[in-house]
Amino acid sequence: MHAFFDSFNMGYIIELSQDIYVEIIDGSPRIVWHSKPDPLDVREVYENIIPIPHGYSNTHFIWNNYNILNAKKGYSAIVTHPFNRHDLPFISLTGIMDIDVLVGNGNIPFFIKEGFEGLIPRGTPILQVIPFKREPWKINKDESLIEKNNKENVDKKRSIIGWYKYNRWQKKEFS
């Protein structure tokens, strides 16, 4: 369970800055809001470039991200839909941004679930930002480690819950 819960706290969460209301007009979602700055925009769908997720309307929206993502030289960030939040009535697509160069706000595509109509309240998590250091890396396929892991897997099966928590898990911190 710790691996699951860690995913909620990984990196930073960007929340919706104001209430938005989704209504269906002529079979397509239309989103309304009542204050500035505009939290989103509608874009033309480029089906051959941006895939439309199954079960979502083909109207292509973008989150207007007014949070400036900025980090030390050599850092990028995965910007994605909040992990394990399948309950949300939209899906934000995933991208990687180099956040060590000031590139402005960044506009992240998202789609609304087919048939959803209703309020998405201010404070709803819309994006998860996970910074990482850009550096070359290589997976080490050490046969002795593979054998050790296979042996430990036998031990894991003896525990019903908590093996990962007590034997491998390390607390993650972002400030």
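Figured I'd write up the structure that's included with this text.

Rules behind the numbers
Residues numbered from 1 in each chain as written. Predicted model: local features only at pLDDT ≥ 70, side-chain atom pairs only at ≥ 80, totals over all residues. Heavy atoms only, no water. Helix = DSSP H or I, 4+ residues; strand = E, 2+ residues; numbered from the N terminus. Buried < 20%, exposed > 50% of the residue type's maximum accessible area, 1.4 Å probe, protein only. Areas by Shrake-Rupley, 256 points an atom, 1.4 Å probe, with all protein chains shown as cover. Core = buried A, V, L, I, M, F, W, Y, C linked by side-chain atoms within 4.5 Å. Contact = heavy atoms within 4.5 Å. Salt bridge = Lys/Arg side-chain N within 4 Å of Asp/Glu carboxyl O. Pairing = 2+ DSSP bridges. Axes fitted to C-alpha atoms, helices over the stretch in contact; angles between N-to-C directions.

## Looking at the overall build of the protein chain
Then step 1. In terms of helices and strands, the protein chain carries three helices and 11 strands.
Then step 2. Going from the N terminus to the C terminus, the protein chain shows its helices and strands as α-β-β-β-β-β-β-β-β-β-β-β-α-α.
Then step 3. Here the protein chain holds 175 residues, and the buried ones make up 33% of them.
Then step 4. Only carbon and sulfur atoms are counted for the fraction: they give 54% of the accessible area of the protein chain, which is about 12,000 Å².

## What to know about the nonpolar core
Then step 1. Of all hydrophobic cores here, the largest spans 22 residues; its most connected members are Ile31, Trp63, Phe90, Phe110 and Ile112.
Then step 2. Sorting the residues of this core by element identifies strand E2 (20-25), strand E5 (60-64), strand E6 (75-80), strand E9 (107-112) and strand E11 (125-133) as the ones contributing at least two each.

## What to know about the environment of Gly123
Then step 1. Positionally, Gly123 belongs in the loop between strand E10 (118-120) and E11.
Then step 2. Given the relative accessible area of 27%, Gly123 is considered partly exposed.
Then step 3. Those residues in contact with Gly123 that lie beyond four places of it in its chain are Glu15 and Leu16.

## A few points about the pattern of salt bridges
Then step 1. Evaluation of the coordinates by the stated rule reveals five salt bridges.
Then step 2. The salt bridge partner of Asp100 is Arg134, with a shortest N-O separation of 2.6 Å. Of this pair, Asp100 sits in the loop between strand E8 (95-98) and E9 while Arg134 sits in the loop between E11 and helix H2 (143-156), and the two are 34 residues apart along the sequence.
Then step 3. Taking relative accessible area as the criterion, Asp100 reaches 18% and is therefore assigned buried.
Then step 4. Given the relative accessible area of 36%, Arg134 is considered partly exposed.
Then step 5. A single salt-bridge network, built from bridges that share partners, covers Asp98, Asp100 and Arg134.

## Quick look at the pairing of E6
Then step 1. Of the strand pairs in this sheet, E6 and E11 are connected by six bridges, and their pairing is antiparallel. From the neighbouring strand, Tyr75 faces E11, where its bridge partner is Lys133.
Then step 2. Inspection of the sheet shows E6 paired to E8 by four bridges, in the antiparallel sense. When the sheet's bridge partners are listed, Ser76 is paired in E8 with Asp98.

## Some words on the sheet that holds strand E1 (residues 12-15)
Then step 1. Strands sit in the order E1-E11-E6-E8 across an open sheet of four strands; the sheet is antiparallel. Looking at which strands have only one partner, the edges of the open sheet turn out to be E1 and E8. Direction aside, neighbouring strands of the sheet carry axes that sit 30° apart on average.
Then step 2. Bridge analysis of E1 against E11 gives four bridges, and the strand direction is antiparallel. Bridge pairing in E11 links Ile14 to Leu127.

## Considerations on unusual backbone geometry
Then step 1. With an omega dihedral of -5°, the bond running from Lys36 to Pro37 counts as a cis peptide bond.
Then step 2. Topologically, Pro37 is positioned in the loop between strand E3 (28-32) and strand E4 (40-43).
Then step 3. One non-glycine residue with positive phi stands out, namely Asp26, at about 55°.
Then step 4. Among the structural elements, Asp26 can be located in the loop between E2 and E3.
Then step 5. One non-glycine residue, Asn84, adopts positive backbone phi at about 60°.
Then step 6. Residue placement: Asn84 occurs in the loop between E6 and strand E7 (90-92).

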